[in-house]
Amino acid sequence: MSSKSKKSTPQKPTHHPYFKAGAMVEASSDDDGFRGSWYIGKIVRRATTKDPNKFLVEYETLFRDEVGKNPLKEIYDVAQLRPLAPREKNRKFRFGEKVDAYHSDGWWEGSITEECEDGKFAVYFKGSKEQIVFGSEVLRLHREWVDGEWKPPLEVEDGSRSRDRILKEVETVKLEVVKEDKNKEVTVPTTFEVNDIEAETEEGFSKGMEVEISSDEEGFQGAWFAGTIVEAVGKNKYLIEYKNLRTDDDTGFLREEIITGNIRPCPPETVMLERFKYLDEVDALYNDGWWVGVISKVLGDEKYIVYFRDNNEELTFRHSELRLHQDWIAGEWIAPSSAMIQ
């Protein structure tokens, strides 16, 4: 190839109505230890003219220095950004609901596992396997930003408010955490009661027990694969054999050593729903595993479109390929969706 080449022409800027210079956003990182969290920031500008989908974001609560005078800035793809998530005032949270909790300067996705005293709630975080107690003032209902809309939409407490009024309220949501004068502290409480759920559990996995296994590898988050316990290979670790995944040379079923935190019993059978509903959280059978998603559209002929957050993809499934999603938390099965386990 000649050393002289035609200079590449910058792409025509893509129109992103919600992401303009000065707009307040929430940014999500793919870095280990930060998945499932959203941090508040402000769009400074497009990061480059060559890629119109990348933006430079200045954080509101993360700084390069300890005194908090030099805000951290990072470049994000538009797929990692969303407007500030809405939240209802004085909402009453319930057991099993998916929520975002303000913790360590950001909003983290979890599930309510217990209603505690004094109006507080225990929230379990799947990624870190921690359970932390929060007051309702630092919780909000978990929502997804899909095709320019919040799912589920903001709950309407007063039927007299119009849709336009609600959208205006969402756009003008006040920051729960603001960078104030250097002598002031942030207004959101950051001290919490912590109850770590250790990786060493008491499920009592035994040889021959049928289980489901998850993986932390890129591209496999949110999936559970069926397997069988072969034997214990050390503290908090088991050798398992997958039921549907085979070795590269196809000579047998794949075996791996898996830590206890990535193993759970097979979910109990639930009453088969005649029909799933919009926004039901489900597991979809795909590529030999069960993948966690949300019903984004109910079709005819017992078919559904399921949205998968981890890869921002929608796929169509038959009713028989879905099951109600459940989480194995502290030795109990929890159904985060509105349809609780019978």
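Per chain, residue numbering runs from 1 following the sequence as it is written. Thresholds applied to this predicted model are a pLDDT of at least 70 for local features of residues and 80 or more for the giving and counting of side-chain atom pairs; totals over whole chains, interfaces and linings are not thresholded and use all residues. Water and hydrogen atoms play no part in the side-chain values, which are based on all heavy atoms of the structure.

**Let's talk about the pattern of salt bridges**
- Between Lys or Arg on one side and Asp or Glu on the other, a salt bridge is scored when a side-chain nitrogen of the former is within 4 Å of a carboxyl oxygen of the latter. On inspection of all chains with the given rule, the structure shows 22 salt bridges.
- With a shortest N-O distance of 2.9 Å, Glu97 and Arg91 are connected by a salt bridge. Across the pair, Arg91 and Glu97 agree in class, each one buried.
- In this structure, Lys277 engages Asp280 in a salt bridge whose closest nitrogen and oxygen atoms are separated by 3.7 Å.
- Where salt bridges share partners, they join Lys98, Glu109, Glu144, Glu281 and Arg309 into one cluster. The classification of residues rests on relative accessible area computed with a 1.4 Å probe and restricted to protein chains. Under 20% of the type maximum is buried, over 50% is exposed, and intermediate values are partly exposed.

**Some thoughts on unusual backbone geometry**
- Note that the residue after Lys151, namely Pro152, is joined by a cis bond; omega there is -5°.
- Strands are runs of DSSP state E lasting at least 2 residues, helices are runs of H or I lasting at least 4, and numbering of each runs from the N terminus. Its place among the elements puts Pro152 in the loop between β12 (149–151) and α1 (163–171).
- Here the phi dihedral of Asn287 falls at roughly 50°; this positive angle occurs in a residue that is not glycine.
- For Asn287, the location among the structural elements is in the loop between β19 (281–286) and β20 (289–298).
- Taking relative accessible area as the criterion, Asn287 reaches 51% and is therefore assigned exposed.

**Concerning the environment of Arg91**
- In this structure, Arg91 sits in the loop between β5 (81–83) and β6 (98–103).
- A relative accessible area of 11% means that Arg91 is categorised as buried.
- The contact partners of Arg91, leaving out residues within four places of it in the chain, are Glu97, Leu141 and Glu155.
- Counting of polar contacts relies on pairs of N or O atoms within 3.5 Å, with two restrictions inside protein: one atom must be capable of donating a hydrogen and the other of accepting it, and residues adjacent in sequence are counted only when both atoms are side-chain atoms. Separated by 2.9 Å, the side chains of Arg91 and Glu97 make a polar contact. Pairs of residues are marked as contacts when any of their non-hydrogen atoms sit within 4.5 Å.

**Quick word on the pairing of strand β7 (residues 106–115)**
- Taking burial as the measure, the 10 residues of β7 include 8 buried ones, the bulk of the element.
- Judged from the 6 bridges that link them, β6 and β7 form a sheet pairing that is antiparallel. Paired with Asp100 across the two strands is Glu109, which belongs to β7.
- In this structure, the hairpin formed by β6 and β7 is closed by a connection of 2 residues, where Ser104 is found at a positive phi of approximately 55°.
- Two strands form a pair only when DSSP identifies at least two bridges running between them. By the bridge criterion, 4 bridges tie β7 to strand β8 (residues 120–125) in an arrangement that is antiparallel. Its bridge partner lying in β8, Glu115 is registered against Phe121.
- Counting the residues that bridge the hairpin from β7 to β8 gives 4 residues, and of these Asp118 lies at a positive phi of roughly 60°.

**A short note on the packing of aromatic side chains**
- Aromatic rings from Phe, Tyr and Trp, with only the six-membered ring used for Trp, were paired whenever their centres fell within 6.5 Å, and each pair was classed as stacked if the ring planes differed by under 30 degrees, edge-to-face if by over 60, and tilted otherwise. Scanning the entire structure with this criterion turns up 19 aromatic pairs.
- Where Tyr102 meets Trp107, the ring centres are 5.4 Å apart and the plane angle is 75°; that geometry is what we call edge-to-face. The pair Tyr102 / Trp107 is uniform in exposure class, with both members buried.
- These aromatic residues form a ring-pair network of at least three members: Phe34, Tyr39, Tyr59, Tyr76 and Trp108.
- For a ring to carry a charge above it, either NZ of a lysine or CZ of an arginine must fall within 6 Å of the ring centroid while also lying within 35 degrees of the normal to the ring plane. Here the guanidinium or amino end of Arg246 rests over the ring plane of Phe253, the centre of that ring lying 4.8 Å away.
- A cation over a ring is seen here: Arg323 above Trp290, with NZ or CZ 4.2 Å from the ring centre.

**Some remarks on the nonpolar core**
- One finds Phe19, Ile43, Leu81, Val123, Phe125, Phe134 and Leu139 to be the most contacted residues of the largest nonpolar core, which totals 31 residues.
- Contributions of two or more residues to this core are made by β1 (24–27), β2 (37–46), β3 (54–63), β6, β7, β8 and β9 (130–135).
- When residues in this core are grouped by element, the largest group, 4 residues, is from β2.
- Not counting residues up to four positions away in its chain, the partners in contact with Leu139 are Arg87, Phe93, Val99, Asp100, Ala101, Trp107, Phe121, Val123 and Phe134.
- Residues grouped as a nonpolar core are buried Ala, Val, Leu, Ile, Met, Phe, Trp, Tyr and Cys residues, joined through side-chain atoms within 4.5 Å. One finds Phe205, Tyr238, Ile263 and Phe308 within the second-largest nonpolar core, a separate group that totals 21 residues.

The values reported here are purely geometric and, on their own, carry no functional implication.
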